[in-house]
Amino acid sequence: MKLKIFKYGIMISMVLMLMLVSAGAASAETGTTITISSSDSLQDTIYAANDGDIIMMAPGYYNITPNSLSYQHLHINKTDLTLQADGGEVIIGPQGEFGSAGISATPRIVLGKDEYGTTHSANGLTLMGITVANICALNNQYTNTMNMHFEDCAFIGDPDPTYWVDSEVNVKFYLYDDAYVGNCTFSETEVRLDGNNVTFENNDVTGLYFGNGYNSGLLGIIVRNNSFTSLDSNFAGHEILFENNVLEASTELVWETDSENFNIRNNVFANTTGNLYLGGQLYENTFSSCDVVELNYPAGSCSFYLNNFIDTSPVLYSATYNTPTEVTYTYGGASYTGYLGNYYSSYAGSDANGDGVGEDAFSLDSYPLMGAWDAATDTIEYVHNPIVHIGPGDSLQDTIYAAENGDTIMMAPGTYLIPEVFIDSYLGNDTFLFINKSDLTFMADGGEVIIAPATSYVYGNIIPGRVDLNDTSGCDASGITFKGITFEPMGLKCDRSENDLKYFKPNQRISNIMFEGCTFVGSNSDDSDMIALYNDSSVLNCTFNGHRRLDVRGNNVRIENNVGSSLDIYRGYYRLTGATSDTYCQNVTITDNTITNAEDIACSGACLVENNVIDGVDDVKIYKSPSSIIRNNKFLNATGDIYFKGTAYQNEATIIDTNEYVRLWDESTCYLNDFTYVGGTGRVQICTNVTAYLNNFNGAYAYKLYEGINCSTPTPVTYTYAGSSHTGYLGNYYSEYTGNDTNADGVGDENITSSYGGVEEYPLMGAWDAATDTIEVTPYVLSFIPGDASVIEDQTTQIQIMASAFPEGLAGYNLSVVIDDPAVAEIVDVEYPEWASIVETSSMPGTSISLKALDGSSQVEAGAEGVVLATLTVSGKEFGSTGLTLSVDGLDDDSGTAIDATLSTGALEVTMTPLPGQTVSAQDIGGNGLYEDLNGDGQLGFVDVEVFFNNKEWIDANMPVECSDFNGNGRIDFDDIVDLFELVV
């Protein structure tokens, strides 16, 4: 097809070019060539020039200096003047910022006036190879600035200039009557057309604006072969040809015209981020990924046809959306004649007669094209995507054989039986559905569609990538999709009885198979109905009722959002033909499934297992790849082992069979998981180089902790325990742990060790609650706080008696406290908390006292944690250590029920009196009974030798001899000081 192009525009362009050639010839004959450098005044040169002169400008930067009126303007007051670069880069630009050197106005090139306002003609101005930087060029003198010619120039604007001082906030470039602009570059510049018969071609425009200036009735405008990027555009005129341009990432186009002579042809509009409002005659254009396109703006006699709208949804208003006459074109290799509309990539209509024109309208377009329009060959791109409709009476196998790659088979409601095939006398009959096409889609069309074996006593087999049982070569069956189909017992595999890749035929290709919204019912007793999932395959939003096994045999497999019962997920590895070992699958996704009574959830490859609820599972084994991620799952009522490898966190698991393992495999990181063994009969195995913390192991009776494990948070954690805030490293919770917590910080004092070489250094005293960063409190535990106290001889310290929690509140108590070695310390005072309304204490000082308190106003309410029962003031009598023992003679909750409390013991060390001049007691930092640190600063140094020397007699009189007898002769002498000195050096 040869469409008519805008004749008047072409004629005007030809006349304009002749005029420019004629004008250039006249200048060459009559003008004088003037050569200047950047050190010369360009303004003075122009004033001195004559009409028709050529100013050859040597490379350099030509400042526009302030004139006599302090305006930074360049005035053009000559006709047919040429400014031409002479062999290198020539830049015309402002001298400096506003306020410097007397500059008081925005930089401009002013045409047709001198600096005193006298009017001159600037018609025929030519710029060749010039760069104009940060100047409002060619400004505001419409009548004296015609026939301008700009070629190989660059116009550059500063997006945020500091020298603008009036309303001109952007660099502007104005074009008036008979102007020509070619092969120029515009950056951050507004290009405004204010005259008729303007040709603008082969230019590169980036940023700001292109379109009308003050004249909205343009005639004879030609805009072609340009590249426009990231700009706004506004055109309103009567004779405009806009063709062969590329507009990329434009923000808004408003071309307001209903003129029959506003022709927009063969342009590319791509990745626009704003609104495109288009009128006129719009044909053979391509719109790709454009946000908003509105056609027939404003409403009028506009036509839109043979345009391609790709990933673009235009808004169609009342207009003509087809070719003016019938067009002869090619589609699918055949020739047709008819009216044609536009191509819309989102169009989903059908083409029953195969002529490339849709049967159904697209909005107001009655002739939507089935493929993109190619103007160069008058061809509609042929896209074969037929939709085949069948019913239960049709042969599904024959339909597949007759289909082409990419077809969609729409299946009417009903049951499609797969007939039996005789194999041999040994194997007998079986049923097969062979799929020998790629990218086929099987879709239920409006009701339940069932695919089932013709008889219930034989296996059902879907075999992709084979034509029949005799096909020993195989074919490509990738990209098969089943949507909304119900499958009675049938499996999918590469061969009748095998599903591993080593059984593939040479050309058999089975990948990217998808089951979406399907239902699987019935079951065979064996695994004949397993579904093999090869590379890039997926099972999404399906329902399982009856045993099915999803056999993961490839990479990038997705099993997501499925529900039902008796679904097994298995393997996660494959073996290629000729290989001697398995290859583990990569990037397997098992997420958001809800399944009951699963036999196995097992995958050896690298998996993401997330947000699943599996209730009634046997084994969970994600245990071969350190790249696996296992998070936010619930594995409930498991009857077998749970194996994790990789990164596992925020999972919940309950195990109901005895002696089963939770096994965290080598090189894994596991945290914030809850494992519960119903009946307390499980085992925990943390393997080599595992990092495990903040996990709860409830009911495990045996721990295998292997060498190299790290059972600690990476950094100290701020958490709550018994109502108090603490910060420190935390490990895991083991419900059977029986260690002490003498400082009541929720972390056990004793490590958990294992014969396998591993150590748990920070065992938690209660289960970890991740939602509140809390270690749960075991109620009714009474402790001394601190559990390991110290006091200097003849001084006092305070020790609290604290209860971990009272779930049912506290009515009162009767306690006894005993200092085990009465020679070391004694209790000299007791302070009761404010809630104790009635109290009673036995006589003091003493080493065995009784304490009674009543909560008469019920201030210790149900659920109270970290309750202080009393504060003891203890005096150190002599150097030594002793234990503290607590006993309960009575402890009742608010209902009067006796409380069976767990009691912790305490320890008290009485340190010796500090040496004269020191404030801290001497310390045995070596643990050998010798007190090397005499100044008590925690380290051994020369100052300790000096303290020994200065206080030898005091040490001899006041400290036990064995604490300072470094030479071991049973007395304090100067040789002891020498021995201490030798320890220092």
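Model, not experiment: these values are computed from the prediction.

## Considering the pattern of salt bridges
Scanning the entire structure with this criterion turns up 11 salt bridges. The residue Arg192 makes a salt bridge to Glu190 at a minimum N-O spacing of 2.7 Å. Across this residue pair, the class does not change: Arg192 and Glu190 are buried. For Arg631, the salt bridge goes to Glu610, with nearest N and O atoms at 2.7 Å. You can see Arg631 sitting in strand 64 (residues 629-631) and its partner Glu610 sitting in strand 61 (residues 607-610), a full 21 residues away along the chain. Note on accessibility: Arg631 and Glu610 belong to one class, buried. In this structure, a network of salt bridges that share partners links the residues Glu243, Arg265 and Glu284.

## Description of the nonpolar core
In terms of nonpolar packing, the biggest core is built from 101 residues, with Met411, Phe442, Phe482, Phe515 and Ile686 touching the most fellow members. In this view, Met411 contacts Ile390, Leu396, Tyr416, Phe442, Met443, Ala444, Asp445, Val449, Ile451 and Ile485; residues no more than four positions away in its chain are not counted. Within the second largest apolar cluster, 70 residues are counted, among which are Leu42, Ile109, Phe150 and Leu278.

## What about the packing of aromatic side chains?
Following the criterion strictly, the structure yields 46 aromatic pairs and no others. For the ring pair Phe155 and Phe186, a centre distance of 5.0 Å and an interplane angle of 10° mean the geometry is stacked. With Phe155 in strand 12 (residues 154-156) and Phe186 in strand 15 (residues 185-193), this pair connects stretches of sequence that are 31 residues apart. Residue classification places Phe186 among the buried residues on the basis of a relative accessible area of 1%. Look at Phe942 and Phe981: their rings are 5.8 Å apart centre to centre, the planes differ by 50°, and that puts the pair in the tilted class. With Phe942 in helix 4 (residues 942-950) and Phe981 in helix 7 (residues 974-984), the pair connects residues that are 39 residues apart, well separated along the chain.

## Considering the UniProt feature "domain: EF-hand" (unreviewed entry) in the protein chain
Here the UniProt-annotated "domain: EF-hand" (unreviewed entry) positions come out as residues 965-985. Each end of residues 965-985 is marked by a C-alpha atom, and these two atoms are 18 Å apart; helix forms 52% of the span and strand 0%.

## Overview of the side chain of Asn436
Relative to the assigned elements, Asn436 resides in the loop between strand 42 (428-435) and strand 43 (441-444). Apart from residues lying up to four places away in sequence, Asn436 is in contact with Ile400, Tyr401, Arg466, Val467, Cys475 and Asp476.

## Considerations on the environment of Ala236
Mapped onto the secondary structure, Ala236 falls in the loop between strand 20 (232-235) and strand 21 (240-243). Judged by relative accessible area, Ala236 falls into the buried class, the value being 15%. Considering only alpha carbons, one finds Ala236 and Gly211, 25 residues apart in sequence, at a separation of 8.3 Å.

## Overview of the confidence of the model for the protein chain
Model confidence for the protein chain is summarised by a mean pLDDT of 87, while 90% of its residues fall at 70 or above. Confidence drops under a pLDDT of 50 for residues 1-29, and excluding neighbours within four residues, the segment shows 44 contacts in the predicted structure.

## Here we look at the side chain of Ser537
Looking at where Ser537 falls in the secondary structure, it is placed in the loop between strand 51 (531-533) and strand 52 (538-540). Engagement of the side chain of Ser537 in a polar contact is seen with the backbone nitrogen of Ile513, the distance being 3.0 Å. Of the polar contacts made by the side chain of Ser537, one reaches the backbone oxygen of Tyr534; its length is 3.0 Å. Not counting residues up to four positions away in its chain, the partners in contact with Ser537 are Ser511, Asn512, Ile513, Asn556, Val557 and Arg558.

## Details of the sheet that holds strand 82 (residues 774-775)
One open sheet accounts for four strands, arranged 77-76-82-81; its pairing is mixed. One side of each edge strand has no neighbouring strand; the edge strands of this open sheet are strand 77 (724-728) and strand 81 (768-769). As paired elements, strand 81 and strand 82 share two bridges and run antiparallel to each other. Looking at strand 82, one finds that Asp769 is bridged to Thr774.

## Focus on the environment of Asn958
Within the secondary structure layout, Asn958 lies in helix 5 (residues 952-958). Residues Asn958 and Met912, 46 residues apart in the sequence, show an inter-C-alpha distance of 8.9 Å.

## Brief notes about the sheet that holds strand 34 (residues 334-338)
Within the open sheet, the four strands sit side by side as 34-33-37-36. Their pairing is mixed. The outermost strands of the open sheet, each flanked by one partner alone, are strand 34 and strand 36 (373-374).

## Digging into helix 4
Buried within helix 4 we find Asp944, Val945, Val947 and Phe948. Along the axis of helix 4, the buried positions cluster into a sector of 160°, meaning they face one direction only. Residues of helix 4 that are buried sit in contact with helix 5, helix 6 (961-964) and helix 7.

## Description of helix 7
Those residues of helix 7 that sit buried are Asp976, Ile977 and Leu980. Looking straight down helix 7, one finds that the buried residues subtend no more than 100° of arc, so they occupy a single side. Where helix 7 is buried, its residues meet helix 4, helix 5 and helix 6.

## Topic: the pairing of strand 63 (residues 619-622)
Looking at chain direction, strand 60 (residues 600-602) and strand 63 are connected through three bridges and run parallel. Counterpart to Asp600 in the pairing with strand 63 is Asp619. With three bridges joining them, strand 63 and strand 66 (residues 642-644) adopt parallel strand pairing. Within the sheet, the bridge partner assigned to Ile622 lies in strand 66 and is Phe644.

## Points about the environment of Thr519
In this structure, Thr519 sits in strand 50 (residues 519-521). Judged by its relative accessible area of 22%, Thr519 falls in the partly exposed class. Between the alpha carbons of Thr519 and Gly564 there is a distance of 9.4 Å; along the sequence they are 45 residues apart. The residues contacting Thr519, other than those within four sequence positions of it, are Ile485, Thr486, Phe487 and Thr543.

Thresholds applied
Residues numbered from 1 in each chain as written. Predicted model: local features only at pLDDT ≥ 70, side-chain atom pairs only at ≥ 80, totals over all residues. Heavy atoms only, no water. Salt bridge = Lys/Arg side-chain N within 4 Å of Asp/Glu carboxyl O. Buried < 20%, exposed > 50% of the residue type's maximum accessible area, 1.4 Å probe, protein only. Helix = DSSP H or I, 4+ residues; strand = E, 2+ residues; numbered from the N terminus. Core = buried A, V, L, I, M, F, W, Y, C linked by side-chain atoms within 4.5 Å. Contact = heavy atoms within 4.5 Å. Phe/Tyr/Trp six-rings, centres within 6.5 Å; stacked < 30°, edge-to-face > 60°. UniProt positions renumbered as here; feature names shortened; annotations may be inferred. pLDDT = per-residue confidence, 0-100. Polar contact = N/O pair within 3.5 Å; in protein donor to acceptor, adjacent residues only side chain to side chain. Pairing = 2+ DSSP bridges. Arc of directions from axis to C-beta.

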